[in-house]
Each structure stands twice: as structure tokens, then as C-alpha cells.
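Overview (structure and organization)
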Amino acid sequence: MSDCPGLVLPIFNESTWHVGLRATLYLITMIWCFLGIAIVADTFMCAIEKITSKTKVVKIADSDVKEGIRDVEVKVWNDTVANLSLLAFGTSAPEILLNVIEICGNSFKPGKLGPGTIVGSAAFNLLVISAICIVSIPKDEIRRINVIPVYVVTTVFNLFAYVWLALVLMVITPNVVDLWESIVTFLLFPALIIVSYAVDKGCCCAKNNKTSSEVEIGIGPKAVEDIDHCPDASAEEERAEIIHLAKELGRNREISEEKAAKLAAAKIAQGEHHSSMWYKVNARRGFSGGHKLIPKINSTLKELYENVKMRQSQMLSDIASTASINFIDLSDGGTTAVVEFTASSCAVLENEGKVRIGVRRMGKMDIPVTVLVETIDGTADAGSDYKPLKEYVEFAPNESLREVYVEIVDDDIWEPDEFFFIKLYLPEEKKQSDVVIGKVSINQITIINDDEPGKFEFSKPSYIVRESNSTAQVIIKRINGADGSVSIKWKTTDMSAKHNVDFIGGQGDLTFNHGETSKTLSFAIMDSMLPERDHSFQVEIFGPDGGAQVGKIGKTIVTLVTDAEFDGLVSRIANQTKQNLDGIRLDTSSWKQQFHEAMNVNGGDIDEASAFDYIMHFLSFFWKAFFACIPPTSIGGGWVTFVVSLLVIGLLTAVVNDLATIFGCLIGLKDTVTAITFVALGTSMPDTFASKLAAINEKYADCSIGNVNGSNAVNVFLGLGLPWLLAACYWEAKDMQFDYPAGSLGFSVVIYLTCACVAIFVLLVRRKMSMFGNAELGGPVKAKWATGFIVFILWLLYIVISSLEAYDLIEGF
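Residues numbered from 1 in each chain as written. Predicted model: local features only at pLDDT ≥ 70, side-chain atom pairs only at ≥ 80, totals over all residues. Heavy atoms only, no water.

As named in an unreviewed UniProt entry, the protein chain is SLC8A, taken from Mytilus edulis. The UniProt entry for the protein chain carries the following comment under Sequence similarities (unreviewed entry): "Belongs to the Ca(2+):cation antiporter (CaCA) (TC 2.A.19) family. SLC8 subfamily." Quoted straight from UniProt, the Catalytic activity (unreviewed entry) entry for the protein chain says "Ca(2+)(in) + 3 Na(+)(out) = Ca(2+)(out) + 3 Na(+)(in)". (UniProt positions renumbered as here; feature names shortened; annotations may be inferred.)

**Section: the overall build of the protein chain**
Each helix and strand counted, the protein chain has 20 helices and 24 strands in total. The contacts in the protein chain between residues at least 6 apart in sequence include a share of 75% that link residues at least 24 apart. Element-wise, carbon and sulfur atoms account for 59% of the exposed surface of the protein chain, whose accessible area totals about 36400 Å². (Helix = DSSP H or I, 4+ residues; strand = E, 2+ residues; numbered from the N terminus. Contact = heavy atoms within 4.5 Å. Areas by Shrake-Rupley, 256 points an atom, 1.4 Å probe, with all protein chains shown as cover.)

**Structural notes on the packing of aromatic side chains**
Counting across every chain of the model gives 25 aromatic pairs. Their ring planes at 5° and their centres at 6.0 Å tell us that Phe-622 and Phe-626 sit as a pair that is stacked. One end of the pair is Phe-622 and the other is Phe-626, both in helix H13 (residues 611-627) and four residues apart, which spans about a single turn. The class of Phe-622 is partly exposed, set by a relative accessible area of 46%. Residue classification places Phe-626 among the partly exposed residues on the basis of a relative accessible area of 41%. (Phe/Tyr/Trp six-rings, centres within 6.5 Å; stacked < 30°, edge-to-face > 60°. Buried < 20%, exposed > 50% of the residue type's maximum accessible area, 1.4 Å probe, protein only.)

**Quick notes on the pairing of strand S6 (residues 345-349)**
The element S6 is largely enclosed, with a buried count of five among its five residues. As paired strands, S6 and strand S13 (residues 442-448) are joined by five bridges and run parallel to one another. Bridging from a neighbouring strand, Leu-349 pairs with Ile-448 of S13. (Pairing = 2+ DSSP bridges.)

**Quick notes on the pattern of salt bridges**
The tally for this structure, following the rule as stated, stands at eight salt bridges. Ionic pairing is found between Arg-356 and Glu-403, a salt bridge with its closest N-O pair at 3.8 Å. Placement of Arg-356 in strand S7 (residues 354-363) and of Glu-403 in strand S10 (residues 401-407) is noted, with a sequence separation of 47 residues between them. On the accessibility criterion, Arg-356 (55% relative accessible area) is exposed. On the basis of relative accessibility, which here comes to 35%, the residue Glu-403 falls in the partly exposed class. (Salt bridge = Lys/Arg side-chain N within 4 Å of Asp/Glu carboxyl O.)

**Brief notes about the UniProt feature "transmembrane region" (unreviewed entry) in the protein chain**
According to UniProt, the feature "transmembrane region" (unreviewed entry) maps to residues 25-48, 118-138, 150-172, 179-199, 639-660, 714-733, 745-765 and 785-804 in the numbering used here. Helix makes up 85% of residues 714-733 and strand makes up 0%, while its end C-alpha atoms are separated by 27 Å. Regarding residues 745-765, the helix share stands at 100% and the strand share at 0%, and the terminal C-alpha atoms are separated by 30 Å.

**Let's talk about unusual backbone geometry**
In terms of backbone geometry, most residues other than glycine have negative phi values and most peptide bonds are trans. In this model, Asp-735 sits at a positive phi of 60°, which is unusual for a non-glycine residue. With respect to the helices, strands and loops of the structure, Asp-735 is situated in the loop between helix H18 (721-733) and strand S23 (738-739). Of note, the phi angle at Asn-774 is positive, near 55°, even though the residue is not glycine. Looking at the secondary structure, you find Asn-774 in the loop between helix H19 (743-768) and strand S24 (777-778). In this structure Asn-774 comes out as partly exposed when scored by relative accessible area, which is 28%.

**Some thoughts on the packing of helix H1 (residues 19-52) against helix H15 (residues 671-697)**
Put simply, H1 and H15 touch, their axes get as near as 9 Å, and they point 30° apart. For the element pair H1 / H15, the angle class is roughly parallel. Our pair here, H1 against H15, has a crossing hand that is right-handed. Taking contact as the criterion, the partners of Leu-27, Met-30, Phe-34 and Ala-38 in H1 are, on H15, Phe-678, Val-679, Gly-682, Thr-683 and Pro-686. (Axes fitted to C-alpha atoms, helices over the stretch in contact; angles between N-to-C directions. Parallel < 35°, antiparallel > 145°, perpendicular 65-115°, else oblique. Left-handed = near helix turned anticlockwise from the far one by under 90°.)

**Focus on H13**
Here H13 is 17 residues long and its end C-alpha atoms lie 23 Å apart, about the 24 Å a rise of 1.5 Å per residue gives. All buried positions along H13 are accounted for by Asp-613, Met-616, His-617, Ser-620, Trp-623, Lys-624, Ala-625 and Phe-627. (Expected span 1.5 Å × (residues − 1).)

**What about the sheet that holds S7?**
The four strands lie next to each other as S10-S7-S5-S12, forming an open sheet whose pairing is mixed. Two strands lie at the open edges of the sheet, namely S10 and strand S12 (435-437), each paired on one side alone. On average, each strand axis in the sheet is tilted by 25° relative to the strand beside it, whichever way the strands run. In the sheet, S7 pairs with S10 via seven bridges, with the strands oriented antiparallel. In the strand pairing of S10, Ile-357 is matched with Val-404.

**A short note on helix H20 (residues 781-806)**
If you check H20, its first and last C-alpha atoms are 38 Å apart, about what 26 residues at 1.5 Å a residue would give, namely 38 Å. Looking one or two residues past H20, Asp-808 carries a phi angle of roughly 60°, positive in sign.

Given below as C-alpha cells:
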């Protein structure tokens, strides 16, 4: 136990130390180094992002421009090629370098830690990550693989990679890797890229007439043959979304400018489509207390935003259905009972004897509610024109509607129309904390002295509405009678303001029930990129039925005027949002920015830093400060950062190789078992958090589990193909063969292949059967937990069976 040498460690003699102490120190240091690898891998992937985001200008035909040809800036790298080349290499860099360093440091003789890590990491990626993603999807939601052809290709290559590995080690030339076998293994990597690219472009399938990128952004090959992404269009869309959110949040006076800008940036970052690399970087920064790619917002601020969205959604729904009153949800998501009148006004003929007034209850329905109604004099006097009323209205559980009646005094004296009010109260003696009075708390009752159906007209000939109000409301009155149910038509006419550009108008019918004397039409004001908007549109009423007429004011003009104060607020929020978004870019522009983010918890956003962020920042501070010395991605188009960070990953991987080997030796754990457990988990854990986040936030499952197969295949083709090629060339030069005992590795590969086939079959069944939601991820709760458990158990079986064989407790091949 005292003699456990590595390639570099131990630096000094530790033989006199207690074995338990040494093992504990090596385990802690190994975990700490895994944290360091994750942080430098963040920098490595930012370099890859910079490289693969490089653009070029191409000319395309466009009949809408004068010259007939338009310059478009497009990405140089195809998404599929980027995912399977640099991105896969970035994800698998620790495993690949571990194998290269191990075999080179061992005089080109095979080791057990590196190959075991390759297979163990593949098992963890496919089985554990898939299981976590299956069960992580929110209730009643699903995620499906979107680009099926590419997924099929990577899945086939994933299985073939390990079949090929088993054939090389145990069938073709047992326990020997020939030069041609190493060459073929290495060349399978570019073969994977070429085939995937061809399938993505539709070369092998006529039905697949869109690339993966085109599917995501909605452009077909007929429009632009080889354009995967248009940065100009994305920038314009992002600008429009920033302005929209800034206006939406600016209308809520409860949210400060700074918080509104942070919230807008968070919503935009969450709502965008992101690559799997983006999620990997964000996950690594999340558990290291680093600068997160999604600004963290507290629950109170998030709740305020959700209330804003709820109110806007309800408003648009009411406008679409031409409802009379713009409804604001006071029920707090159904947790509070809301009581109000069913209408804000009504009319009654004097000879009817009494008027019926509706009282409705919304929101929380499972409790009894008591409210008080009381009449108040207007031009009508209590006693001479109506009998006063003051009484309790009691709602039983789940009862939504009650009615109260006010008696009208009928006399023989002619008098003009008169009115009085009835008001809703929450009685102090019976007040309930989970009950509120709604918006329609007062009802105006008009006593009409004739039985005419009445006339309809607008309350005034023109309305001036500020943009900050978000809606324009016009009131239609029914005068000189309110007898019977009568309908009237309405329509909007564009003037300088245009329908569906400046406002949402149209046409429709309004029905006034018997006794109703007032209705409100609401028109949504649309966001505009114009600096000034003093525009107008016209609203007209016509065609009443039931003998009613249109009064003197049958048309009204609505003018939308600029709100200078509100525009200034929106501009400030939008500018701060843009700054926040620039601050969460993957790449960094200078050493100053790198050191600022490295030295400060949460990248400098201290206000939103949690206790966990502070702890992880303290534990990772050395690594952050050290890696801040790596040149930023602004130098050399990202390639300098790529090379330097790769060298640092190699150095750390060499240290981890020794730490894992010595730790296993100290506790009596074989290298094969150490590789498939501790090392595989250490290298794959960041990807687990990234995949879970991608599964929850993305519309499709491609970023979460779709890239797992490609990464596993690259692990074999590069992680074993490259060191095999180096070693085979070395031994060929000496005219000797490269001996590579299959041993436990061959058995582990076969067990992994078996478990992988079962797991892929489970995912296929989930996609094909409705009981699982016809999707790889999510679906009905019981079904998703059952399938997730099955896939996770496969990983446990792989670990247990491989470990038993390594210790000769069961017989291998």
C-alpha cells in the first residue's frame, strides 16, 4: 500500500503517513482537480464558441432590394460539424487527454485507467444522464428529439464504436492492436462527421429537406441553400424583444429600472435556443460560483413578472372575445376569493317593481364567503324612488353566483331618468383574509320612466390615449331607454394608425342585455420601434337591432400619443438590458474582464449571489485566478485560447491520472473500477447538470440527450484511436506489435453495449407509445419515473457486474 507511484506524484516521500490520511487527502485533491478541469473546460469551450461562431458574407438573390442581390452574414461552421468536432472534443477532452498521457507516460504500453474511463463515462452519459433528463421534465410536458436523421446516425456510430472496440480487442487480433486497426479507429472520427453532415443536409434522405439549423430558425433550402444562421436577423429579433419586454416591465411601477433590466435579460437568455455547449458552460459556472449565463432573479421579482404576464394575457383574451371590462386577476392564481358585481351599471323600468343585480365569486371557490351590499343615493332618493337595502350576501363553498333585489317605487308622477348606486363591502365583523372585492364594486342603477329600447352612442367624440396605458378603451352608452336585449355592430377604421401594426382592432357585435346601459370596448396598443407615435384610428357603431337607434355620437376618434416620460423609461431599461446581455456572453474581450469575473463571486453580481456561490467561489478561487491568465478569446479569433487551455487541461489530467491511480491503490481499488466510478463521475458530472438544464429549458431533446451518442462515439474514435495510433506507430517502428490485453476492459465493453441497447430501446418505446407521451423525455408522471428508474438501474448493473469481474468474483470472457 505504501508503494503506489504515479507518473508525477508523489512529489515527496509519503510512505510514513497513515494510509487512511493519504487516501482522504488524495480523494479531496482529486475532487478539487476535477473542479479545476471543469473551470478550465469552461474557458476551452468559450474558445470553441468563438471559433465556431465565425461568420462570412454571402450574396443571395432578393427581389425586394433594388440591385436584386443582398449581402447576408452567415456562420462558417455547420452546427452538426461543430457539435461533432470541436464541441465533442471539448466535452471529451479530459478523457481523451487522459488516455494520451497515460499511454505516452507508460512507455507506449496500455494503461487501465484511461480506457476504463472512456467506457465508464459512456455508460454514465447514456444511462444516468438520460434517466435524469427523463424525470426532470416539468409535469405534463414532453421533449422529443427533433433532428431524427442526425440522432439515428450518432446512435448507430455510438453502438458501432463499442462493437468495433470489442472486435479489435477480442476477435480480430485478440489482445493486440495492429497499426491498421488504430488507423481505422482514428479515421472513424472524420467518417462520423462526414456522414452526419451529409444526413443533416438531406443528401441521404429526400424527406429530410431541412438542415438542423434550418429547422430551428424556420428557413427552407429553397430560400437559402447553405445558410445555417443569420446573425443580423437574430440581432434585430433580440432588439425587438428587448424593447417589448422593456415596455411590458416599464408599465409596472413596482419594479425598479435596474431590476426590470435584469429581469428582461434573464427572460431573453432563458427564452433563446442555446447549444449544448452553452448549457455545459452555464452548468460549470453554476457549481463554481462563477459568472452565470442566465442572470439570477429572486422569487419576489419573478413573482412580480409573472403577475405582469398574467394580467397582459388576460387582457388580450378579453379583447379577443370583445369582453366589456378589462379583467385583472386579483385572485393571486386562485388562492384568493374575488367578489364583484356582474356589471358596472344596469337600468330598470319604473313599472317593473324591482331590479335584479348579480354578484359573482371567482378565484378561490372551496370556502364560504360573506359580503355586504348597501344602496347609496344618487339623483334617485331612497324611500321615494326606491327602497334602501343593506344586507349580507353569503356564498356557499363552490357557489359562484348570487342575486340581490332592490325594490323600485312606482308612482304616477312623470320625472326624468334617475339613478342610484349599490356598493359591495367586506364586513368588518365577518372579514376574511383570503377574500377581496373585485374591480366592479359599485353598480349604477338607472330608473327609466319609459319602455323604449334606447339609443347607442359613444361617451365622447374623441379619446386621447397614452402609449404607456397598453390599451385604449372607449365607452358605449345606452340612453333614453334600456328595454330588452339589443345588439349593435362596431368596427375600426385605419387612419394614421394601422390595424395589427399600431393597434389591434377589427369588427364585432356587442350585446346589451335588458337593463344594461354601458359597455366598454378595449383595443390593445401594439409596441412600435418608432420614436414618435401620434397616430389615430376611428371606431364606429352601426346596425342596432330590436328597434334601437344610433345616437348623436356614432363615431369616435382614438389618438395614440407619445408618452415622453414612459419612452425615456423604456429606453433606459432597454439599454441596461443590452448591457446585461453583453455581460453574460460566453467569450471575454480582455484580461481585465477575465480577472474581474475570476476575483468576484458570481462574476461580480454580488447582490444575487447565494451562500452556495460564496462557498464554491472560495473553493475554486485558485483555479479561477490561475485560469484568468489564459489569453482571452478576442486574441487570434479564439485559437490562442483553444491551444493554451487545451495544454492546461492536459497538465491537470496528468495530475488527476496520478491522483486516481494512487487513491485506488491506497484503498485497494483496481484501476478499472476506479476508472468506471470515481474518474468517470468526475469527468461527466458537469455534463449532467448541463443536460438537465437543457432538458427543462429547450423545446426539443436534442441538446440534452441527442448529443450524448455523438460524444460517446468521439470518446472511442479520438480517446482511444489517437493514443492507439501513436503507440502502434511507435511499436511498428521497432518492428514489434502493440500488445493490448483485453482483460476487464473487453468484458466491460460488452456489458455496456448490452445496457446501451436496452436504454436506446426504452427511449424508442417512449417515443412510439402514447402512454409515455410519445416522447423521449417527460410525459405522465408514473410512466416517466418508471422508465427513468429502469435506465438508471442499467447503470448500476453495469457498475456492479464490471466490478465483480474485475475482482474475479464472476468469470469474464
